[in-house]
Amino acid sequence: MDLAARVAAAMWAEDTASAGLGMRLVAVGEGTARLEMSVRDDMVNGHGIAHGGFVFSLADSAFAFACNSRNQVTVAQACDIVFVAPARRGDLLVAEAAERTTFGRNAIYDVTVTRGDEVIAEFRGRSRQLSGTIIAPEEA
């Protein structure tokens, strides 16, 4: 198992928030991640569409797995999202995260959330590396 996959497994084991929302970690690589989530009945707002906070959470989780993939503890320092189209009850959403650039202990990641071929949201996250690792260096 490669480093990104081992780091993701360690993070996933502690990520009760993502698991509780029904997210599934589909793939992870160096600087990349793909997660899926189905829009449940309890994720729909008063307009009958997915609450934006759940779409943001899916994108944010993909961002987290991508930016921690090198086994360096990394957190978000800022994020924003543009909602392009509404998601609806029962939709399977896929969030694809990809690193765009790194500079010092900082990086920029883009996450596209889709339903099939349709873009639902575009998310940009800016990360900051902290000290420490997710898995022990001797395990890396």
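Below is a summary of the structure that appears in this document. (Residues numbered from 1 in each chain as written. Predicted model: local features only at pLDDT ≥ 70, side-chain atom pairs only at ≥ 80, totals over all residues. Heavy atoms only, no water.)

1. Observations concerning the pairing of strand β2 (residues 32–38)
Burial along β2 is one-sided: Ala33, Leu35 and Met37 are buried, while Thr32, Arg34, Glu36 and Ser38, pointing the other way, are not. As paired elements, strand β1 (residues 24–29) and β2 share five bridges and run antiparallel to each other. When the sheet's bridge partners are listed, Ala27 is paired in β2 with Arg34. Counting the residues in the hairpin turn of β1 and β2 gives two residues, including Gly31, whose phi is positive at 75°. In this structure, β2 lies alongside strand β4 (residues 92–103), joined through seven bridges in antiparallel fashion. Bridge assignment links Arg34 to a residue of β4, and that residue is Glu96. (Buried < 20%, exposed > 50% of the residue type's maximum accessible area, 1.4 Å probe, protein only. Helix = DSSP H or I, 4+ residues; strand = E, 2+ residues; numbered from the N terminus. Pairing = 2+ DSSP bridges.)

2. Here we look at the pattern of salt bridges
Going through the model one piece at a time under the given rule, you end up with eleven salt bridges. The partner of Arg126 in a salt bridge is Asp80, with the nearest N and O atoms 3.3 Å apart. One end of the pair, Arg126, is in strand β6 (residues 118–129); the other, Asp80, is in strand β3 (residues 74–83), and 46 residues separate them in sequence. Notably, a salt bridge pairs Arg115 with Asp91, separated by 2.5 Å at the nearest N-O pair. Here Arg115, found in strand β5 (residues 106–115), pairs with Asp91, found in the loop between β3 and β4; they are 24 residues apart in sequence, far enough to count as distant. Among the charged side chains, a salt-bridge network with shared partners connects Glu30, Arg70 and Glu99. (Salt bridge = Lys/Arg side-chain N within 4 Å of Asp/Glu carboxyl O.)

3. With respect to the environment of Ala66
If you trace the backbone, Ala66 turns up in helix α3 (residues 52–67). A residue is classified by how much of its surface remains accessible, and Ala66, at 0% relative accessible area, is buried. In this structure, the C-alpha to C-alpha distance between Ala66 and Phe83, residues 17 residues apart in sequence, is 21 Å. The residues touching Ala66, leaving out its near neighbours within four places in the chain, are Gly31, Thr32, Ala33, Ala97 and Tyr109. (Contact = heavy atoms within 4.5 Å.)

4. Quick notes on the sheet that holds β3
Ordered in space as β1-β2-β4-β5-β6-β3, the six strands form an open sheet in which the pairing is antiparallel. In this open sheet, the two edge strands, each paired with only one partner strand, are β1 and β3. On average, each strand axis in the sheet is inclined to that of its neighbour by 20°, with strand direction left out of account. With nine bridges joining them, β3 and β6 adopt antiparallel strand pairing. Residue Val82 lies in a different strand from β6, and its bridge partner there is Glu122. In this fold helix α1 (residues 3–14) packs onto β1 and β2, with an angle of close to 150° to the strand it touches most, β1. Of the strands in this sheet, β1, β2, β3, β4, β5 and β6 are in contact with α3, which crosses β2 at around 150°. (Axes fitted to C-alpha atoms, helices over the stretch in contact; angles between N-to-C directions.)

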